[in-house]
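Okay, here's what each chain looks like letter by letter:
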Amino acid sequence: MLKVEALKVRYGDVLAVDGLTFQAKGEVYCLLGPNGAGKTSTVKAIMDAVPYEGYIEVYGVNAKEPVVKNLIGYVPEQVAFFEYMKPKELIEFMAALRGLNDLSTAQKLVEAFNLSNVDQPLYTLSMGTRQKVAIVLALMHSPKLLILDEAFNGLDVFSAKLLKEIVTNQVRGGGTVLFSTHVMEIAEKMCTRIGIINRGKLVSETTPSTLREHGESLEDFFLTTTGLDESLREVLKGLE
Ligand SMILES: Nc1ncnc2c1ncn2[C@@H]1O[C@H](COP(=O)(O)OP(=O)(O)OP(=O)(O)O)[C@@H](O)[C@H]1O
């Protein structure tokens, strides 16, 4: 379970996250918002990678506790690695950092994602392959909370499908997934709940089934709740 309460993230004068509160429990929770809405800042706060105000808890543990890192698997939006390391070395390095002796899950994931170039330095790998390495690193310790920040970027059809299945299994096994994405189709298909975030605030929560009941697409719901539908109409008028 993930609990985020009254979260604020500031960068100097910029209030990137402004009192955000939400919970995700044994489900796929999607944070959806326009560019700059505060999604990545929220995720970084959960990872204790930026200073923040408020309270974050992961499966009963304060997210400020170092031990929480073993409960979380995180695929960042931008994969930044030690470029001269090879995936195999990076996997061993991360396992050592986490105190993980059993590399069998990592090995299975390497095979599943068909990561044949584990002995090549990271800077020589394609974007999609780097993404797969990030996914293996995020999953190798079987985390309870999986955080995917635009994790489908650059993945081929096979790997994207595999990741979708992994997400489903994560929840089936009692885990939780926090998703941040711009891709409506993924949010609509994969998420149990969707939180719309705008200017650092949660402006609405919905579920794909509620949207279906109302015959509304997530795209329309998103544009209306963020007020972007009006901006879009004005922009289109200007183009006429
Ligand atoms: N390191 C930083 N220094 C200063 N401002 C920052 C920094 N990182 C993010 N911001 C600002 O904080 C706000 C939220 O950014 P954030 O990256 O969290 O949004 P996002 O919803 O993830 O956006 P996107 O969908 O474009 O990835 C934006 O105004 C952004 O410019």
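Quick caveat: nothing in here was measured; it's all calculated off a predicted structure.

A few words on the UniProt feature "domain: ABC transporter" (unreviewed entry) in the protein chain. Using the residue numbers shown here, the UniProt feature "domain: ABC transporter" (unreviewed entry) corresponds to residues 2–224. Annotated as residues 2–224, this span is 35% helix and 27% strand, and its ends, taken at the C-alpha atoms, are 27 Å apart.

Overall, mixed pairing links the 6 strands, which are arranged 6-7-8-3-9-10 in an open sheet. Edge positions in the open sheet fall to strand 6 (72–75) and strand 10 (201–206), since each of these has one partner strand only. The average angle at which neighbouring strand axes cross in this sheet is 20°, direction not considered. Pairing of strand 6 with strand 7 (residues 145–149) involves 4 bridges; the strand directions are parallel. If you follow Ile72 over to strand 7, its bridge partner there is Leu145. Packed onto the sheet, helix 1 (residues 39–46) meets strand 3 (28–32), strand 7, strand 8 (176–180) and strand 9 (193–198) and runs at close to 150° relative to strand 7. Relative to strand 6, helix 4 (residues 127–139) is tilted by about 170°, and along the sheet it contacts strand 6 and strand 7.

Close to the ligand lie Tyr11, Val14, Ala16, Gly33, Asn35, Gly36, Ala37, Gly38, Lys39, Thr40, Ser41 and Glu77, which account for all nearby residues. Listing elements by their share of the shell around the ligand, those giving two or more residues are strand 2 (14–24) and helix 1. Among the elements that take part in the shell around the ligand, helix 1 stands out by supplying 3 residues, more than any other. Of the residues contributing to the shell around the ligand, the split by class is 4 nonpolar, 6 polar and 2 charged.

Attention shifts here to the packing of helix 2 (residues 87–98) against helix 4. The geometry of helix 2 relative to helix 4 is characterised by a closest axis approach of 10 Å and an angle of 20° between their N-to-C directions. Between helix 2 and helix 4, the angle is such that the two are roughly parallel. In this structure, helix 2 meets helix 4 at a crossing whose hand is right-handed. Counted together, Pro87, Leu90, Ile91 and Met94 of helix 2 and Val133, Val136 and Leu137 of helix 4 form the full contact between these two elements. Residue composition of the contact of helix 2 with helix 4, by class: 7 nonpolar, no polar and no charged.

What counts as what
- Counting of residues starts from 1 at the beginning of each chain's written sequence and follows it residue by residue.
- Predicted model: local features are reported for residues with pLDDT of at least 70 only, side-chain atom pairs are reported and counted for 80 or more only, and whole-chain, interface and lining totals are derived from all residues.
- UniProt positions are given in the numbering used here, feature names are shortened, and annotations may be inferred rather than shown by experiment.
- Comment: elements are numbered from the N terminus, with helices defined as DSSP H or I runs of at least four residues and strands as E runs of at least two.
- Following DSSP output, two strands are said to pair if at least two bridges run between them.
- Inter-axis angles, ranging from 0 to 180 degrees, are taken between N-to-C directions of lines fitted to C-alpha atoms, where helices are fitted over the stretch in contact.
- Throughout, a residue-residue contact means that the two C-beta atoms, derived from backbone geometry, are no farther apart than 7 Å.
- Whether a residue is near a molecule or strand depends on its C-beta atom, generated from backbone atoms, being within 6 Å of that molecule or strand.
- Residues are grouped as follows: Ala, Val, Leu, Ile, Met, Phe, Trp, Tyr, Cys and Pro are nonpolar; Asp, Glu, Lys and Arg are charged; every other residue, Gly included, is polar.
- For classification purposes, an angle smaller than 35 degrees is called roughly parallel, one larger than 145 roughly antiparallel, one from 65 to 115 roughly perpendicular, and anything else oblique.
- By definition, any crossing whose near helix is turned counterclockwise from its far helix by less than a right angle is left-handed, and any crossing with a clockwise turn is right-handed.

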